[in-house]
Amino acid sequence: MSLRDIPSVDHLLNHPQAASLISAYGHALCVQAFREQLALTRHAVLEGAPSPDEQTLINQTGDMLNSWLTPTLRSVINATGVIIHTNLGRSPLSRSAREAILSVSSGYSTLEYELQRGRRGKRDMHAEALITRLTGAEAALVVNNNAAAILLALTSLARRKQVLISRSQLIEIGGGFRIPDVLKQSGAKLVEVGTTNRTHLRDFENVIEDRTALIMRAHHSNFKIVGFTTEPSLTELVELGKRHGIPVLDDIGSGALLDTAQFGLGHEPTVQESLQIGSSLVAFSGDKLLGGPQAGILTGEKGLIDKLRRQPLARAVRPDKLCLAALSATLLHYMKGNATSEVPVWRMIAATEDSVEGRAVAWRKYLGQGEIVPGRSTVGGGSLPEETLPTTLLALEVKHPNAFAGRLREVDPPIIARVEEDRVILDPRTVLADQEDDLLTGIELVLKR
Ligand SMILES: *Cc1c(COP(=O)(O)O)cnc(C)c1O
């Protein structure tokens, strides 16, 4: 075999079998795809592979074109039992949040327009009024995500000055987001206080000086320090800050507005608590326990929020209209008191053991196989490390569980399941009710193969 056996792009374009590709994808895209496919083929032939016949080349090119035009960002079914799954897009949105996105994006909107006066308005007002009403904060600011919120706060309040933070809170959240790196980026100087396991209030007191601009506290998020440990409480830090005229920034990460403890979980700090204790600024995500779109939210003292708003960086990290539409709609659920029934992450957290078990049993019945076993769902999203909710799983005994899980990811929509102890595990808690038919059809399809 030699490279000379491989046809030219022109030859393939004029092949009768290529006509359907050209009519489906257009001439220009087909030229590009044939070029790439032929380059791959030449490479393979040089490595010793046999050269494929023309029909095979055209089929391979068809597959390539198809994959080019299939979006890589697609909807999946999350059967993992991890409620706020960062890799799977964190929080699913409520129906009204989805409708708000559709309505605001289908045409023009009041993004920066005051209807009453018929003149320019501010995008700041939409979600921020709701946040202050819900939390009792003086002011609020919405940005692109919590990392941006922290960067903005540090840049605005502590650039070329010092920020005190306990050594035990110099965390990496995941995806490479590290508090010390954000501090460096902001131009603030990090002062590490105390030791990895023990930090006392007096350690903070001892390092305060003229250039100390901010005391920061970061939620441990995704880990727990146990054993011989201590950290000053937020109350102590706030009191210390007040005495020295230094604001306290509390990065609570998940941003719960409701108490997780009412659902048998540990207590995740809420925004309201942090503000009540007296944090000057509280920073949190929009798409973790708030259950909304990706956003970073800063709440707290009006003077500080106004200062942040004036930073040029604030413009660079501002939220778009889709985010503001979904965030406002999500916050309205909390205003109306229906978050646990309307916001999907809270509905999943609040789902009773009986209802989850009922679904697992119904799945088993439909599929005619699998075993009902007790298990644990997790909240995820860096909130409540090691805290779990009792759940009921459907465990499928299949020959090659990892390969089976792989095939579940190939169905449409893809199904993401866990493999444990040589079984494929499905947790009903994170499967949305309207995805159940797709889930069962998908599993059935893979079982039949
Ligand atoms: C998740 C998290 C962040 C980052 O939030 P994003 O919204 O993903 O930018 C920052 N701090 C803490 C404590 C977190 O848990």
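Just above, that's the structure.
Remember, it's a predicted structure, so these values are computed and weren't measured experimentally.

For the rest of this paragraph, the subject is the pattern of salt bridges. In the structure shown here, the tally under the stated rule is 19 salt bridges. Across the salt bridge formed by Arg 418 and Glu 420, the nearest N and O atoms sit 3.0 Å from each other. A relative accessible area of 36% means that Glu 420 is categorised as partly exposed. One continuous salt-bridge network, built from bridges that share partners, spans Asp 124, Glu 128, Lys 302, Asp 306 and Arg 309.

All right, on to the side chain of Thr 392 then. Position of Thr 392 among the secondary structure elements: in strand β13 (residues 388-396). Assessed through its relative accessible area of 10%, Thr 392 is described here as buried. Apart from the residues lying within four places of it in its own chain, the contact partners of Thr 392 are Glu 353, Val 356, Glu 357, Ala 360, Ile 372, Val 373, Asp 427 and Pro 428.

Within this structure, the stated rule accounts for one aromatic pair. Its end group placed over the ring of Phe 228, Arg 198 keeps NZ or CZ at 3.8 Å from the ring centre.

Attention now moves to the layout of surface pockets. One number sums up the size of the largest pocket: a volume of about 1200 Å³. Taken together, 50 residues form the lining of the largest pocket, with His 85, Thr 86, Leu 88, Gly 89 and Arg 90 sitting closest to its centre. Residue assignment for the lining of the largest pocket shows that the elements contributing at least two residues are β1 (77-78), α7 (146-158), β9 (248-253) and β12 (371-380). Along the lines of polarity and charge, the residues of the lining of the largest pocket split into 18 nonpolar, 24 polar and eight charged. Looking at which domains feed residues into the lining of the largest pocket, each of domain 2 (77-86 + 345-448) and domain 3 (93-342) supplies at least three. Roughly 380 Å³ of internal volume is contained in the second largest pocket. Lining the second largest pocket are 16 residues, and of these Arg 123, Asp 124, Arg 309, Arg 315 and Arg 318 lie nearest its centre. Mapped by element, the contributors of at least two residues to the lining of the second largest pocket are β5 (139-143) and α13 (312-316). With three residues, β5 is the largest single contributor of residues to the lining of the second largest pocket. Tallied by class, residues from the lining of the second largest pocket come to five nonpolar, two polar and nine charged.

The rules we used
The residue numbering used here restarts from 1 in each chain and proceeds along that chain's sequence as written. Residues qualify for local features only when their pLDDT is at least 70, as the model is predicted, and side-chain atom pairs are given and counted only at 80 or more; totals for whole chains, interfaces and linings, by contrast, use all residues. Excluding hydrogens and water, the side-chain values take into account all heavy atoms of the structure. Whenever a carboxyl oxygen of Asp or Glu lies within 4 Å of a side-chain nitrogen of Lys or Arg, that contact is scored as a salt bridge. Categorising residues by exposure relies on relative accessible area from a 1.4 Å probe, with only protein chains included: less than 20% of the type maximum marks a residue as buried, more than 50% marks it as exposed, and the intermediate range marks it as partly exposed. Secondary structure elements follow DSSP: runs of H or I of four or more residues count as helices, runs of E of two or more count as strands, with numbering from the N terminus. Whether two residues are in contact is decided by their heavy atoms, any of which lying within 4.5 Å being enough. By convention, a stacked pair of Phe, Tyr or Trp rings (six-membered ring in the case of Trp) has centres within 6.5 Å and planes under 30 degrees apart, an edge-to-face pair has planes over 60 apart, and any other such pair is tilted. Consider the ring centre and the ring normal. A charge sits over the ring if Lys NZ or Arg CZ is within 6 Å of that centre and within 35 degrees of that normal. The distinction between a cavity and a pocket rests on a 1 Å grid over the protein atoms alone: a 1.4 Å probe fits inside a cavity but cannot get out, while a pocket stays open yet meets protein on both sides within 12 Å along at least five of seven lines, and a residue with an atom within 4 Å of a point counts as lining. Grid points are joined across faces, edges and corners, and a volume is the space filled by probe spheres set on the points. Under the scheme applied, nonpolar residues are Ala, Val, Leu, Ile, Met, Phe, Trp, Tyr, Cys and Pro; charged residues are Asp, Glu, Lys and Arg; polar residues are all the others, including Gly. Bear in mind that the domain bounds are from an automatic or database domain assignment.

Everything listed here is a matter of geometry and, on its own, says nothing about what the molecule does.
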